[in-house]
Amino acid sequence: MTLVKFILLCAEVFLLVLFLFPIILDVLNFGNIAGGIACAIMLIVTIFSKQFLSLVISLWQTPLGRVFVIFVSAIIAAGVVLAVVLSALMIKAQRNKPEGDTAVIALGCKVKGNRPSRMLRYRLDKAYEYLSENEDAVCIVSGGQGDDELISEAECMYSYLVRKGIESKRIVKEDKATSTEENLKLSKKIIDEKSLPKSISIVTDGFHQYRASYIAKKCGFKQVYALCSYTKWQYIPSYWVREWAAILNEWLK
């Protein structure tokens, strides 16, 4: 086995584990599945690289086989370019830090019992950090109640921030939303009704910031900034890949 092949195998196995590990913690989404399949295919190709190369050469010998090879290669190349473009947009959105006073919109996430899930807690900690540094800022906590939740995400978020010391009058509950689009549409209505600042800072995970800001601008917000919460590195690959699909879906609406 060559050194290059060994390094490739190690990298592919590591990525495969990263995509599959969150499943143990009850995180199963498109990112896990797509990433796992892609890594498995790369592993097979690397392990059987000689056989794979022979197959490609054999296909190239016939007109139909040549068309097939070119078509598959073009699809792979287009996918790689698209992934790079989407990732660049996602990274750029994360760096769009607030300028001046803004209204804060904290996007909801899973509630476990009466308490926020780990991901939601990280979002709330980021909102708390901004609200503590900007004492005039008002925060809209947005999230409805799922079938498996005892209370609405907004109620849970409100209670958490109040317990940490944020004045209740600075927190507005939006407890009807069931999606990112509804989070922002309903929050826009509250901002208009209460004459809050038109510039907003969205509190969510970094991988979600681009899509959230894209939807916010569709809802009528002109100035949209990012307050990125902490995301454990083990979860980033699966959520990152899932977000590619979610962004494409949003573009096609």
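Relevant structure appears above.
Definitions and limits used
- Residues numbered from 1 in each chain as written.
- Predicted model: local features only at pLDDT ≥ 70, side-chain atom pairs only at ≥ 80, totals over all residues.
- Heavy atoms only, no water.
- Helix = DSSP H or I, 4+ residues; strand = E, 2+ residues; numbered from the N terminus.
- Buried < 20%, exposed > 50% of the residue type's maximum accessible area, 1.4 Å probe, protein only.
- Areas by Shrake-Rupley, 256 points an atom, 1.4 Å probe, with all protein chains shown as cover.
- Pairing = 2+ DSSP bridges.
- Axes fitted to C-alpha atoms, helices over the stretch in contact; angles between N-to-C directions.
- Contact = heavy atoms within 4.5 Å.
- Phe/Tyr/Trp six-rings, centres within 6.5 Å; stacked < 30°, edge-to-face > 60°.
- Lys NZ or Arg CZ within 6 Å of the ring centre and 35° of its normal.
- Salt bridge = Lys/Arg side-chain N within 4 Å of Asp/Glu carboxyl O.

K.L.:
When you look at the overall build of the protein in this model, what are you seeing that I'm missing?
P.N.:
On a plain count of helices and strands, the protein comes out with nine helices and seven strands. Dimensions of the protein, computed from the C-alpha atoms along their principal axes, are close to 70 × 35 × 35 Å. Expressed as a percentage of the 253 residues in the protein, the buried residues total 43%. In the form shown here, the protein has an accessible surface area of approximately 14300 Å², with 64% of it arising from carbon and sulfur atoms.

K.L.:
I tried to follow the sheet that holds strand E5 (residues 171-174) on my own but got confused; where do I start?
P.N.:
By way of backbone hydrogen bonds, the strands of a sheet pair with one another, either parallel or antiparallel. One open sheet accounts for five strands, arranged E5-E4-E1-E6-E7; its pairing is parallel. Of all the strands in the sheet, just E5 and strand E7 (224-229) have a single pairing partner and so form its edges. For this sheet, the mean inter-axis angle between neighbouring strands, taken without regard to orientation, is 25 degrees. Sheet strands touched by helix H6 (residues 153-163): strand E1 (103-107), strand E4 (139-142) and E5. Its angle to E5, the strand with the most contacts, is close to 165 degrees.

K.L.:
Sorry if this is basic, but what is going on with the packing of aromatic side chains here?
P.N.:
A ring pair, where both rings are aromatic, is described by two values, the distance of the centres and the angle of the planes. Enumeration over the complete set of coordinates arrives at five aromatic pairs. With centroids separated by 6.5 Å and ring planes inclined at 45 degrees, the aromatic side chains of Tyr235 and Tyr239 adopt a geometry described as tilted. Just as Tyr235 is buried, Tyr239 falls in that class too. Members of the aromatic cluster, connected to one another through ring pairs, are Phe207, Tyr235 and Tyr239. Above the face of the Tyr122 ring, Arg121 is positioned so that its terminal group lies 5.5 Å from the ring centre. The ring of Phe221 has Lys188 sitting right over it, with the charged end atom 5.7 Å from the ring centre.

K.L.:
Would you mind going over the pairing of E7 with me for this structure?
P.N.:
Summarising burial for E7: six of the six residues are buried, a large majority. Alignment of strand E6 (residues 200-205) against E7, held across six bridges, turns out to be parallel. Residue pairing across strands places Ser201 opposite Tyr225, the latter belonging to E7.

K.L.:
Got a minute to help me understand the environment of Leu55 in this structure?
P.N.:
With respect to the helices and strands, Leu55 occurs in helix H3 (residues 49-60). Distance in space between the C-alpha atoms of Leu55 and Gly144 is 53 Å, their sequence separation being 89 residues.

K.L.:
Sorry if this is basic, but what is going on with the pattern of salt bridges here?
P.N.:
Between side chains of opposite charge, pairing is possible as soon as their charged atoms come close. Applying the stated rule across the entire model yields 13 salt bridges. The salt bridge involving Asp205 is made with Arg123; its shortest N-O contact spans 2.8 Å. Residue Asp205 is found in strand E6, and its partner Arg123 is found in helix H5 (residues 118-133); the two are separated by 82 residues along the sequence. Look at Asp205 and you get buried, because its relative accessible area is 0%. Three or more residues are tied together by salt bridges with common partners; here these are Glu181, Lys185, Lys218, Glu250 and Lys253.

Scope: geometric values only; no functional claims are made or implied.
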